[in-house]
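# Observations on the three-dimensional arrangement
If you want the building blocks of each chain, they are given just below.
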Amino acid sequence: MKKLVFLMYGIVSYVIFFATFCYAMGFVSTFLVPKHIDSTPQSPLGYALLVDAGLLAVFALQHSIMARPAFKKWWTRFVPEPIERSTYVLLASLCLILLFWKWEPIGGVIWSVESETARLVLQLTSMFGFTIVLVSTFLINHFDLFGLRQVGLYFTGKTYQSLSFRTPFFYKYVRHPLYLGFMIAFWSTPVMTAAHLFFAFMTTTYMLIAIRFEEKDLVDHFGARYQDYKRTAPMIIPFVNRADRKKKSFESHSQALK
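About the cut-offs
- Residues numbered from 1 in each chain as written.
- Predicted model: local features only at pLDDT ≥ 70, side-chain atom pairs only at ≥ 80, totals over all residues.
- Heavy atoms only, no water.
- Helix = DSSP H or I, 4+ residues; strand = E, 2+ residues; numbered from the N terminus.
- Buried < 20%, exposed > 50% of the residue type's maximum accessible area, 1.4 Å probe, protein only.
- Contact = heavy atoms within 4.5 Å.
- Areas by Shrake-Rupley, 256 points an atom, 1.4 Å probe, with all protein chains shown as cover.
- Lys, Arg positive; Asp, Glu negative; His and termini not counted.
- Charge placed at Lys NZ, Arg CZ, Asp CG, Glu CD.
- Salt bridge = Lys/Arg side-chain N within 4 Å of Asp/Glu carboxyl O.
- Core = buried A, V, L, I, M, F, W, Y, C linked by side-chain atoms within 4.5 Å.
- Polar contact = N/O pair within 3.5 Å; in protein donor to acceptor, adjacent residues only side chain to side chain.
- Axes fitted to C-alpha atoms, helices over the stretch in contact; angles between N-to-C directions.
- Parallel < 35°, antiparallel > 145°, perpendicular 65-115°, else oblique.
- Nonpolar A, V, L, I, M, F, W, Y, C, P; charged D, E, K, R; others polar.
- Phe/Tyr/Trp six-rings, centres within 6.5 Å; stacked < 30°, edge-to-face > 60°.
- Lys NZ or Arg CZ within 6 Å of the ring centre and 35° of its normal.

Moving on to the overall build of the protein chain. Tallying secondary structure elements over the protein chain gives 11 helices and 2 strands in all. When its helices and strands are written in sequence order, the protein chain yields α-α-α-α-β-α-α-α-α-β-α-α-α. The principal-axis extents of the C-alpha atoms in the protein chain amount to approximately 65 × 65 × 30 Å. Residues classed as buried in the protein chain amount to 41% of the 258 residues present. Counting contacts in the protein chain only where the partners sit at least 6 residues apart, residues at least 24 apart contribute 77% of the total. When the accessible surface of the protein chain is split by element, carbon and sulfur atoms take 69% of a total near 14,700 Å². Looking at the protein chain, you have 26 positive and 15 negative side-chain charges, and the mean spots of the two groups are 9 Å apart.

In structure tokens:
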């Protein structure tokens, strides 16, 4: 019975996550959802900015603190290990649902693209960003990332083994394709309002900070293999490392000629 309860808990947590992810696409792209990032403003600017900053901070703190190994070690004294990841995913989803519910639109247009072709390209680019995110989760193991593998193994009586270090497809070109996908999705919009700019800027800042903590954990876990990976693959922007290596090679060759 305990195994079945854990399995159902993991499945429900995953379903809530997936529904939240789908709503997030509509929330950012202002498409097919009742309330989105650019809904009609209802509150004064100062109040709206304060509320929105607080909502983003709640998500950022939950998402980062609960992902740290030290917190996990303490947390699993109270939450059974097979459902630790599912609980993390569930709480992250609830933080996003709170953000969608309480988000305060701001209004004010920073830019607006008039060309229908350009508007379509930007909308498709945003969807492409979300596609990168989703595909990247499957490349590393979608079901482990969102807790289903853990509860599935526990249900079948098998021991959980953490994932081995791999760099499939997108991961050969950037170390954090999920974050790259989110940045593309958030910044590619035909109408950039003040609310959308605030959201994109704050989330991008958070991601760049979060990467530093995540990479420290990855180095601690994988050691020299991840250190070598950092030297060969750029953090966010594809092909940057290659350009740097070519530049250094050119400079070295020039020095040798002198």
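Having seen it, we continue.
Any two side chains of opposite charge can pair, so long as their charged atoms come close to each other. As enumerated under the stated definition, the model contains 6 salt bridges in all. A salt bridge links E215 to R175, with the shortest nitrogen-to-oxygen separation between them at 2.6 Å. Of this pair, E215 sits in helix α9 (residues 194-222) while R175 sits in the loop between α7 (148-155) and α8 (177-187); the two residues are 40 residues apart in sequence, bridging distant segments of the chain. The buried category is assigned to R175, whose relative accessible area is 10%. Across the pair K230 and E215 runs a salt bridge whose closest N-O atoms are separated by 3.9 Å. One end of the pair, K230, is in helix α10 (residues 224-232); the other, E215, is in helix α9, with 15 residues separating them in the sequence. Residue K230 is classed as partly exposed on the basis of its relative accessible area of 29%. Using a relative accessible area of 5% as the deciding quantity, one classes E215 as buried. Taken together, the shared-partner salt bridges in this structure form one network comprising R175, E215 and K230.

Another point: the nonpolar core. Nonpolar side chains in soluble globular proteins tend to be buried together. Ranked by internal contacts, the top residues of the largest apolar core, which has 47 residues, are F27, L99, W103, F186, F199 and I236. Elements with a contribution of two residues or more to this core: α1 (2-29), α2 (45-65), α4 (84-102), α5 (116-140), α7, α8 and α9. If sequence neighbours within four positions are ignored, F27 has contacts with V33, K35, H36, I37, L99, F100, W103 and F199. One finds I132, Y171, V219 and A233 within the second-largest nonpolar core, a separate group that totals 9 residues.

Attention now moves to the side chain of Q150. The residue Q150 is located in helix α7 in this model. Judged by relative accessible area, Q150 falls into the buried class, the value being 10%. Of the polar contacts made by the side chain of Q150, one reaches the backbone oxygen of D144; its length is 3.1 Å. Those residues in contact with Q150 that lie beyond four places of it in its chain are P82, R85, F143, D144 and Y160.

Looking at the element boundaries, V33 is found in the loop between α1 and α2. You can call V33 buried: its relative accessible area is 16%. Taking the C-alpha atoms as reference, V33 lies 36 Å from P69; in sequence the two are 36 residues apart. Excluding residues that lie within four positions of it along the chain, V33 makes contacts with Y23, G26 and F27.

Turning our attention to the packing of α8 against α9. Between α8 and α9, the shortest axis-to-axis distance is 10 Å and the interhelical angle comes to 170°. Taken as axis vectors, α8 and α9 run roughly antiparallel relative to one another. Contact residues: α8 offers Y179, F182, M183, F186 and W187, while α9 offers H196, L197, F199, A200, F201, T203, T204, M207, L208, A210, I211 and E214. Looking at the contact of α8 with α9, its residues break down into 13 nonpolar, 3 polar and 1 charged.

In this model, N141 sits at a positive phi of 125°, which is unusual for a non-glycine residue. For N141, a relative accessible area of 22% corresponds to the partly exposed category. Phi at F169 is positive, roughly 45°, even though this residue is not glycine. As for its placement among the helices and strands, F169 is situated in the loop between α7 and α8.

With that out of the way, let us pick up the packing of aromatic side chains. A ring pair, where both rings are aromatic, is described by two values, the distance of the centres and the angle of the planes. Counted according to the given criterion, the structure contains 28 aromatic pairs. Arranged with centres 5.2 Å apart and planes meeting at 55°, the rings of F165 and F222 form a pair that is tilted. Taken as a pair, F165 in the loop between α7 and α8 and F222 in helix α9 lie far apart in primary sequence, 57 residues in all. By relative accessible area, which is 14% here, F165 ends up buried. Here the basic side chain of K102 rests over the ring of W101, its NZ or CZ set 4.1 Å away from the ring centre.

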